[in-house]
Amino acid sequence: MIRVLLVDDQPLIRSGFRALLDAEPDVEVVAEAGNGDDGVALARQHHPDIALLDIRMPVTDGIEATRRIAADESLAGVHVVILTNYGLDEYVFHALRAGAAGFLVKDIEPEDFLHAVRVAARGDALLAPSITRRLIDRYVADPPRKPGAALRSLTNREREAVALAARGLSNSEIAARMVISPVTAKTHLNRAMTKLHARDRAQLVIFAYESGLVTPSR
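What this report covers is the structure whose coordinates are included nearby. No experiment lies behind these values; they were computed from the predicted model shown.

**Observations concerning the overall build of the chain**
And then number 1: The helix and strand tally for the chain stands at 11 helices and six strands.
And then number 2: Carbon and sulfur atoms make up 52% of the accessible area of the chain, which totals about 10400 Å².

In structure tokens form, the structure reads like this:
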């Protein structure tokens with residue numbers, strides 16, 4: 001059962017998402033909140049698998065709430081997905097760096113929303129396609145940082161796996177490219193996350209572009 005926390009200051013939005021989720025046999029909405037402070041408190045109380053957070057909320061916004069959840073070791077199993085009406089802005093980058101597993105725009109199709117919840121529950125990075133394109137465009141414009149010791153700490157196979165993940169490939173697709181099993185591909189990514197102190201695949205993607213491990217093509 002996938003346990004979900006909904007945090008959005010608009011009751012109508014919350015009720016719509018809840019109706020979709022409650023209709024699924026493998027999903028349970030464990031709590032709702034209307035601001036970031038309450039959302040963090042409920043995350044600590046219920047330890048959901050997924051926390052769906054609106055990015056703009058009163059009291060505490062989704063970015064700060066994400067930062068608090070990511071910093072709490074007891075909530076390491078909570079995957080934060082940011083909900084937004086906006087396609088980009090600095091919010092995307094700030095929230096990903098704060099520890100969000102991904103982003104969804106609120107006009108997403110219902111079936112895509114449900115699929116996204118399941119993807120996030122597996123621990124995979126989740127970015128709406130429109131946001132992914134703009135995220136990559138941002139790194140085209142900005143020069144990469146020096147790789148440093150962090151990149152050198154990865155083995156050649158770990159670097160290869162991270163680069164392929166940054167291109168959007170799934171574990172199965174990474175395994176096929178590297179001629180290894182999906183389990184081994186996941187192991188390479190998990191070891192890379194440990195070495196880089198990355199919370200999830202989304203942060204691995206950021207590292208790949210910032211370090212220059214992957215160079216976006218125009």
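The discussion continues.
**Comments concerning the side chain of N35**
And then number 1: With respect to the helices, strands and loops of the structure, N35 is situated in the loop between β2 (27-33) and α2 (36-46).
And then number 2: A relative accessible area of 13% means that N35 is categorised as buried.
And then number 3: A polar contact is formed between the side chain of N35 and the backbone nitrogen of D38, at a distance of 2.9 Å.
And then number 4: Excluding residues within four positions of it along the chain, N35 makes contact with V7, M57, P58, V59 and T60.

**A few points about the packing of helix α8 (residues 156-166) against helix α9 (residues 171-178)**
And then number 1: In contact at an axis separation of 10 Å, α8 and α9 are set at 130° when each is read in the N-to-C sense. The angle between the axes of α8 and α9 places the two elements in the oblique class. The crossing of α8 and α9 is right-handed. Here α8 contributes R157, E160, A161, L164 and A165 to the contact with α9, which in turn contributes I174, R177 and M178.
And then number 2: By residue class, the composition of the contact of α8 with α9 is five nonpolar, no polar and three charged.

**A few points about the packing of α2 against helix α3 (residues 62-71)**
And then number 1: Between α2 and α3, the least distance of the axes is 9 Å, while the angle of their chain directions is 25°. Considering the angle they form, α2 stands roughly parallel to α3. Regarding α2 and α3, the two cross each other, and that crossing is right-handed. Only A65, R68 and I69 of α3 make contact with α2, whose side of the interface consists of G36, D37, V40, A43 and R44.

**Some details on the pattern of salt bridges**
And then number 1: Within this structure, the stated rule accounts for 13 salt bridges.
And then number 2: For the salt bridge of D72 with R44, the shortest nitrogen-to-oxygen distance reads 2.9 Å. Of the two residues, D72 sits in the loop between α3 and β4 (79-84) while R44 sits in helix α2, which places them 28 residues apart along the sequence.
And then number 3: Relative accessible area serves as the criterion here: at 17%, D72 is assigned to the buried category.
And then number 4: Residue R44 is classed as partly exposed on the basis of its relative accessible area, which comes to 43%.
And then number 5: We note a salt bridge from K106 to D54, for which the minimum N-O separation is 3.2 Å. Taken together, the positions of K106 in the loop between β5 (102-105) and α5 (110-121) and D54 in strand β3 (residues 50-54) put the pair 52 residues apart, joining distant regions of the chain.
And then number 6: Residue class for D54 comes out buried when judged on its relative accessible area of 4%.
And then number 7: One salt-bridge network, held together by shared partners, links R14, R18, D22 and E32.

**Quick look at the pairing of β2**
And then number 1: A large share of β2 lies buried, amounting to five of its seven residues.
And then number 2: By the bridge criterion, six bridges tie strand β1 (residues 2-7) to β2 in an arrangement that is parallel. If you follow L5 over to β2, its bridge partner there is A31.
And then number 3: A crossover links β1 with its parallel partner β2, the connecting element being helix α1 (residues 11-22), and its sense is right-handed.

Calculation notes
Residues numbered from 1 in each chain as written. Predicted model: local features only at pLDDT ≥ 70, side-chain atom pairs only at ≥ 80, totals over all residues. Heavy atoms only, no water. Helix = DSSP H or I, 4+ residues; strand = E, 2+ residues; numbered from the N terminus. Areas by Shrake-Rupley, 256 points an atom, 1.4 Å probe, with all protein chains shown as cover. Buried < 20%, exposed > 50% of the residue type's maximum accessible area, 1.4 Å probe, protein only. Polar contact = N/O pair within 3.5 Å; in protein donor to acceptor, adjacent residues only side chain to side chain. Contact = heavy atoms within 4.5 Å. Axes fitted to C-alpha atoms, helices over the stretch in contact; angles between N-to-C directions. Parallel < 35°, antiparallel > 145°, perpendicular 65-115°, else oblique. Left-handed = near helix turned anticlockwise from the far one by under 90°. Nonpolar A, V, L, I, M, F, W, Y, C, P; charged D, E, K, R; others polar. Salt bridge = Lys/Arg side-chain N within 4 Å of Asp/Glu carboxyl O. Pairing = 2+ DSSP bridges. Right-handed = clockwise from strand over helix to strand, strands pointing away.

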